[in-house]
Amino acid sequence: MRIISIANQKGGVGKTTTTVNLVGALAKCGQKVIVIDLDPQAHLTTCFGLDPRDLETTAYEVLCKGTKLSDALLDIGDNIKLLSSGMDLAAVEQELSTVIGRETVLHDALKAYEGAVDFIFIDCPPSLGMLTLNAFSASNEIFIPLQAHFLSLQGLSQLLEMLLLVNKRINPNLRVSGLMFCMFDARTSLSAEILNDITAFFEEQRDQSTPWQHIKLFDTKIRRNIKLAEAPSYGLCIFDYALESNGAKDYLSLANEVIAMDQADAMEITFASLQSVGQSDTKVNEVTVDEVQGDTSLTNKTVENKTVAPIEIVSSVDNLVSTTKNVISTSQNDQ
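Note that the structure is a prediction, hence the values are computed from the model and not measured.

Peer 1: Tell me what's going on with the overall build of the protein chain, and back it up with residues and numbers.
Peer 2: Looking only at helices and strands, the protein chain has 15 helices and eight strands in total. Per-residue burial over the protein chain gives 51% buried out of 335 residues. Within the protein chain, contacts between residues separated by at least 24 positions form 78% of all contacts whose residues are at least 6 apart in sequence.

Peer 1: Just give me the short version of the side chain of Glu61, but keep the residues and values in it.
Peer 2: Checked against the element boundaries, Glu61 lands in helix H3 (residues 59–64). Lacking a salt bridge, the buried Glu61 has Lys65 as its closest oppositely charged neighbour, with an N-O distance of 7.2 Å.

Peer 1: Tell me about the sheet that holds strand S5 (residues 119–123), and please be specific about residues and values.
Peer 2: Across a sheet, paired strands are connected by hydrogen bonds in the backbone, their directions being either parallel or antiparallel. Reading across the sheet, the eight strands line up as S3-S4-S2-S5-S1-S6-S7-S8 and stay open at both edges, with mixed pairing between neighbours. Both edges of this open sheet fall to strand S3 (74–77) and strand S8 (216–223), since each of them pairs with a single strand only. In this sheet, adjacent strand axes meet at a mean angle of 25° when their direction is disregarded. Pairing geometry for S3 and strand S4 (residues 80–83), over three bridges, is antiparallel. When the bridges of S4 are listed, Gly77 appears paired with Ile80. Of the strands in this sheet, strand S1 (2–6), strand S2 (33–37), S4, S5, strand S6 (141–147) and strand S7 (175–184) are in contact with helix H1 (residues 15–28), which crosses S5 at around 165°.

Peer 1: An account of the nonpolar core is requested, with residue identities and associated values reported.
Peer 2: Residues Ile36, Leu38, Leu63, Val92, Ile122 and Phe136 are the most contacted members of the largest nonpolar core, which totals 57 residues. At seven residues, helix H9 (residues 156–169) tops the list of elements feeding residues into this core. The contact partners of Phe136, leaving out residues within four places of it in the chain, are Ser5, Ala7, Cys124, Ile142, Leu159, Met162, Leu163, Val166, Asn171 and Leu174.

Peer 1: Account for the environment of Gly235, naming residues and giving values.
Peer 2: The residue Gly235 is located in the loop between helix H11 (226–230) and helix H12 (238–241) in this model. Classification of Gly235 by relative accessible area gives buried; the value is 17%. Beyond its immediate sequence surroundings of up to four residues, Gly235 is in contact with Thr46, Cys47, Phe48 and Gly49.

Peer 1: Can you lay out the packing of aromatic side chains for me, pointing to particular residues and giving the numbers?
Peer 2: Following the criterion strictly, the structure yields five aromatic pairs and no others. For the pair Phe201 and Phe202, a centre-to-centre distance of 4.8 Å together with 65° between the ring planes defines the contact as edge-to-face. For the pair shown, Phe201 and Phe202 are each scored as buried.

Peer 1: Would you mind going over the pairing of S7 in detail, with residue names and values included?
Peer 2: Of all 10 residues making up S7, eight are buried, and the element is well covered by its neighbours. Note that S6 and S7 share seven bridges and pair parallel. Within S7, the residue paired with Ile142 across the bridge is Val176. When S7 meets S8, the two strands line up parallel, connected through four bridges. Across the sheet, residue Phe181 finds its bridge partner in S8, namely Lys221. Each parallel crossover has a hand, and the one from S7 via helix H10 (residues 189–204) to S8 is right-handed.

Peer 1: Let's hear about the packing of helix H7 (residues 130–138) against H9: which residues, and what values?
Peer 2: Contact pair H7 / H9: the axes reach a minimum separation of 11 Å and the direction vectors enclose 55°. Relative to H9, the element H7 lies oblique. For the pair H7 and H9, the crossing hand works out as right-handed. Where H7 approaches H9, its residues Thr132, Leu133 and Phe136 are matched on the opposing element by Leu159, Met162, Leu163 and Val166. Of the residues assigned to the contact of H7 with H9, the class counts are six nonpolar, one polar and no charged.

Peer 1: Any details on the layout of surface pockets? Residues and values, ideally.
Peer 2: Space inside the largest pocket adds up to approximately 590 Å³. Around the largest pocket sit 33 residues that line it, and Gly12, Gly14, Thr17, Met183 and Leu228 are the ones nearest its centre. Looking at the lining of the largest pocket, the elements that each hand over two or more residues are H1, helix H2 (43–47), S7, S8 and H11. Among the elements that take part in the lining of the largest pocket, H1 stands out by supplying five residues, more than any other.

Peer 1: Kindly report on H9, identifying the contributing residues and their values.
Peer 2: Counted at 1.5 Å a residue, the expected span for H9 with its 14 residues is 20 Å, and the 20 Å between its end C-alpha atoms agrees. Of the positions making up H9, those classed as buried are Leu156, Ser157, Leu159, Leu160, Met162, Leu163, Leu164, Val166 and Asn167.

Peer 1: Can you break down helix H13 (residues 246–260) residue by residue, with the values?
Peer 2: In an α-helix, one turn spans 3.6 residues, which is why side chains three or four residues apart end up on the same side. Under the 1.5 Å per step criterion, the end-to-end length of H13 is 21 Å for 15 residues, consistent within 8% with the ideal 21 Å. Every buried residue of H13 is accounted for by Gly247, Ala248, Asp250, Tyr251, Leu252, Leu254, Ala255, Asn256, Glu257, Val258, Ile259 and Ala260.

About the thresholds
- Residues numbered from 1 in each chain as written.
- Predicted model: local features only at pLDDT ≥ 70, side-chain atom pairs only at ≥ 80, totals over all residues.
- Heavy atoms only, no water.
- Helix = DSSP H or I, 4+ residues; strand = E, 2+ residues; numbered from the N terminus.
- Buried < 20%, exposed > 50% of the residue type's maximum accessible area, 1.4 Å probe, protein only.
- Contact = heavy atoms within 4.5 Å.
- Lys, Arg positive; Asp, Glu negative; His and termini not counted.
- Salt bridge = Lys/Arg side-chain N within 4 Å of Asp/Glu carboxyl O.
- Pairing = 2+ DSSP bridges.
- Axes fitted to C-alpha atoms, helices over the stretch in contact; angles between N-to-C directions.
- Core = buried A, V, L, I, M, F, W, Y, C linked by side-chain atoms within 4.5 Å.
- Phe/Tyr/Trp six-rings, centres within 6.5 Å; stacked < 30°, edge-to-face > 60°.
- Right-handed = clockwise from strand over helix to strand, strands pointing away.
- Parallel < 35°, antiparallel > 145°, perpendicular 65-115°, else oblique.
- Left-handed = near helix turned anticlockwise from the far one by under 90°.
- Nonpolar A, V, L, I, M, F, W, Y, C, P; charged D, E, K, R; others polar.
- 1 Å grid on protein atoms, 1.4 Å probe; cavity = no way out; pocket = protein on both sides within 12 Å on 5 of 7 lines; lining within 4 Å.
- Points joined across faces, edges and corners; volume = space filled by probe spheres on them.
- Expected span 1.5 Å × (residues − 1).

Dropping the structure here:
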């Protein structure tokens, strides 16, 4: 079982969009998935068509009231169970302040599900507080969604610093296994420049003993696509809303890469296991959107994508490298 936190300190980089659509793709492949909304904004819960104000049991009750995870999970659809969120989750920081082992409450709650599902995805809030710490303590992998933008790089070094501390003191099995670019526009020089710099940075880290030493920079780039923004208003993932869109193609490609990371699972899973398709013997790494059959009867409003003019990167990646090297040096001196 893979427990994956999707995290980035900066908001608006595609964490929730990636979580809901990656979960949707994997579930349609027959994978059993639990998805956890740890953001008090409850955007992931809303994306699944639920109103957080109508829910009696959320992640708050699991973290602060001792409610069993099995009593809080909601059946969202075939192969998907959701631990929802709500505004009361914002009180977790204060309510757990005097609790011994407060950073491992979620880890303990997930123990009962060990081996019972194929994936657990945790949508983290855009902060590095107690909720994110609980997610990291419970996970064995972290995916980092990143926008090819100067501001999205600024918090990356702080995220890596926290990961080092969690890996050293709480969860030695934690590793950053993947990074994906979201809202990517290959037509801009800014996107290409940041992609090259980030690739070079992590390549330089291959010989360092860090949680991101073996990080995979996913080949799939999630392009800007208005359908991805429209789908949550219908409470649908992109595959149920606009199957032929670039967003569906990109997240299906990303799902292929995620499955292929675990070769043992990849041999057992085929996209022909989609509930709505009757084909068979489809190779995991050769899947196209055309092989996924679904309801495409929705009338979607077509909105043209807008290209944002590139801005100067300044020395963001240089600062990232410098800060991270200092963090690694400090961590090694503490050992």
